[in-house]
Amino acid sequence: MLAIFKHTLGATGWLRAWAIYLIAFPFYFFPAGSAQPSDIFIVVLIGFYILGRKFQLRGALKEPFTRFLRFCIYLTVVNFGVFIALLGESNKGLPWYIISAFYFYNLFVMGFALSLYKQYGKAFLYTTMYSCIMAAILQIVLSQVLGTGGGEVRGALFFTNPNQLGYYSLCGLAIVLVLETMLKIPKLWVYSSFFLFSYLALVSISKAAMGAMIILFGVYLLANGILSMRNVFALLIVGGLGFYGLTKTEFGKTFQRNLEVRELNEADRPEEITEWQYRGYDRITNHPEYLVFGAGEGGYNRFDTYIDNHEIHSSFGTIIFSYGIPGTILFVMFVFSILKKLPWYYLIYSLPLFSYGVTHMGLRFTIFWVALMMFPVIRMERMKVDFYKQVIARRKRAKDSEINRSKSQVVV
């Protein structure tokens with residue numbers, strides 16, 4: 001616990017403020033879609049950071065920021081165009097400038113994270129990882145004290161809806177697993193993270209999050225040698241405790257009961273309605289003409305769709321339909337910029353983050369973008385390590401060569 005405090009609330013400079021933001025992120029006090037205390041805090045923080053001329057990105061760290069900036073500019077143009085086209089008509093949805101503001105806000109939070117890494121190096125990794133762990137611990141402890149995770153079918157704890165909690169648990173665990181690959185921390189914290197974030201996913205009864213947790217755990221074992229004695233032992237302990245917790249404890253009984261209730265609620269959906277329609281993907285097939293440049297977000301009453309007057313329940317569906325082929329290409333280029341030149345297991349770690357967006361709209365969820373920024377950060381950290389290894393190898397070769405020359409001169 002001392003290490004957690006040292007790297008979070010005990011961190012120095014801007015890192016302490018970053019830790020406060022990450023710890024405060026899961027605590028929502030206002031309705032969904034509104035600015036939360038953590039949002040207000042980070043906006044003010046970034047403002048002072050920019051005024052202090054600390055915001056600097058260069059080279060490989062600048063590329064993801066620039067790629068996403070281009071996507072933000074394009075979507076702003078599209079949404080403003082929709083606003084102009086719908087002048088004088090009813091427009092169900094958020095104003096175009098609010099929609100664009102969400103994306104630009106996430107852009108600058110991502111840039112802030114990258115800039116902090118450039119400024120503090122590995123200390124940024126420790127602060128980010130331990131802050132996520134502390135946030136999970138704090139949510140669980142406070143939920144037990146305040147009773148916020150009690151009798152609901154799907155718990156949300158301090159978020160406004162269960163899907164936010166499920167997505168948060170997934171993003172938080174991904175951040176920990178990605179960063180721990182380049183940090184020297186006790187494995188106990190890694191295994192504890194699986195328990196902490198899995199608990200949050202179970203409270204949310206999010207099947208997507210729970211499935212992604214299993215994938216993350218499997219990738220972690222494969223990347224770290226699944227047949228090693230330590231991992232086999234950890235697998236037995238985690239599996240045994242998990243089985244006991246879900247079958248023998250009051251929490252497990254409540255989870256099973258709530259899961260059954262959710263299954264019954266979903267069974268009420270008309271049989272003729274497919275998942276494609278239920279998520280809003282039917283707009284793509286009903287209005288393929290919008291794929292050329294994009295339909296924009298907002299004005300949902302324009303479309304022939306099962307979910308009238310509502311956004312598509314999918315991040316990918318929103319990008320493809322709302323911003324068309326150009327927007328999709330720009331977004332894919334952004335994703336490529338954050339994942340390129342990384343080993344296979346990092347790519348697999350990223351898949352659950354994206355797959356969750358197939359059935360849920362998570363483009364406004366800032367912790368998702370924070371999680372994505374851990375990949376270019378890790379790439380830079382790996383490049384540093386490789387560079388140091390090359391320098392050491394060159395020095396060793398030079399030293400060996402000098403020794404060999406000295407030996408040859410002695411022989412002569």
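One can find the structure itself at the top, above this paragraph.
Calculation rules
- Residues numbered from 1 in each chain as written.
- Predicted model: local features only at pLDDT ≥ 70, side-chain atom pairs only at ≥ 80, totals over all residues.
- Heavy atoms only, no water.
- Core = buried A, V, L, I, M, F, W, Y, C linked by side-chain atoms within 4.5 Å.
- Buried < 20%, exposed > 50% of the residue type's maximum accessible area, 1.4 Å probe, protein only.
- Contact = heavy atoms within 4.5 Å.
- Helix = DSSP H or I, 4+ residues; strand = E, 2+ residues; numbered from the N terminus.
- Phe/Tyr/Trp six-rings, centres within 6.5 Å; stacked < 30°, edge-to-face > 60°.
- Lys NZ or Arg CZ within 6 Å of the ring centre and 35° of its normal.
- Axes fitted to C-alpha atoms, helices over the stretch in contact; angles between N-to-C directions.
- Parallel < 35°, antiparallel > 145°, perpendicular 65-115°, else oblique.
- Nonpolar A, V, L, I, M, F, W, Y, C, P; charged D, E, K, R; others polar.
- 1 Å grid on protein atoms, 1.4 Å probe; cavity = no way out; pocket = protein on both sides within 12 Å on 5 of 7 lines; lining within 4 Å.
- Points joined across faces, edges and corners; volume = space filled by probe spheres on them.

A. Quick peek at the nonpolar core. The biggest cluster of nonpolar side chains holds 111 residues, and the ones touching the most others in it are Trp18, Phe68, Phe124, Phe334 and Tyr349. When near neighbours in sequence (up to four residues on either side) are disregarded, Trp18 contacts Ile42, Leu45, Val109, Phe112, Ala113, Leu116, Phe124, Thr127, Thr128 and Val370. If you look at the next biggest cluster of nonpolar residues, it comprises 7 residues, including Tyr281, Tyr300, Ile312 and Phe321.

B. Structural context of the side chain of Thr76. Within the secondary structure, Thr76 sits in helix α4 (residues 59-85). Owing to a relative accessible area of 19%, Thr76 belongs among the buried residues under this scheme. When near neighbours in sequence (up to four residues on either side) are disregarded, Thr76 contacts Trp96, Ser100 and Phe104.

C. Representation of the packing of aromatic side chains within the structure. The tally for this structure, following the rule as stated, stands at 51 aromatic pairs. Ring geometry for Tyr290 and Phe303: centres 5.7 Å apart, planes at 90 degrees, overall edge-to-face. Of the two residues, Tyr290 is situated in the loop between α13 (282-286) and α14 (315-339) and Phe303 in the loop between α13 and α14; the sequence distance between them amounts to 13 residues. Stacked on the ring of Phe102, the Lys or Arg Arg364 has its end atom at 5.5 Å from the ring centre.

D. Structural view of the packing of helix α7 (residues 162-180) against helix α9 (residues 207-223). In contact at an axis separation of 9 Å, α7 and α9 are set at 10 degrees when each is read in the N-to-C sense. On the basis of their axis angle, the class for α7 and α9 is roughly parallel. Residues Gly166, Ser169, Leu170, Leu173, Ala174, Leu177 and Glu180 of α7 form the contact with α9, whose participating residues are Ala209, Ala212, Met213, Leu216 and Tyr220. Here the contact of α7 with α9 is built from residues that sort into 9 nonpolar, 2 polar and 1 charged.

E. Structural view of unusual backbone geometry. Located in the positive-phi region is Asn309, a residue other than glycine, with phi close to 55 degrees. Looking at the element boundaries, Asn309 is found in the loop between α13 and α14.

F. Region of the structure containing empty space enclosed by the protein. Summed over all chains, the structure comprises 2 cavities of 30 Å³ or more. As for the largest cavity, its lining consists of Tyr167, Ser315, Phe316, Ile319, Phe331, Leu353, Phe354, Gly357, Leu363 and Phe368. Elements that contribute at least two residues to the lining of the largest cavity include exactly α14 and α15 (344-355). Sort the elements by how many residues they give to the lining of the largest cavity and α14 lands first, with 4 residues. Its residues assigned to classes, the lining of the largest cavity shows 8 nonpolar, 2 polar and no charged. Estimates place the volume of the second largest cavity at around 40 Å³. Lining the second largest cavity, in full, are Arg283, Gly296, Glu297, Tyr300, Glu311, Ile312, Thr318, Phe321 and Ser322. The element best represented in the lining of the second largest cavity is α14, accounting for 3 residues. Of the residues that constitute the lining of the second largest cavity, the class distribution is 3 nonpolar, 3 polar and 3 charged.

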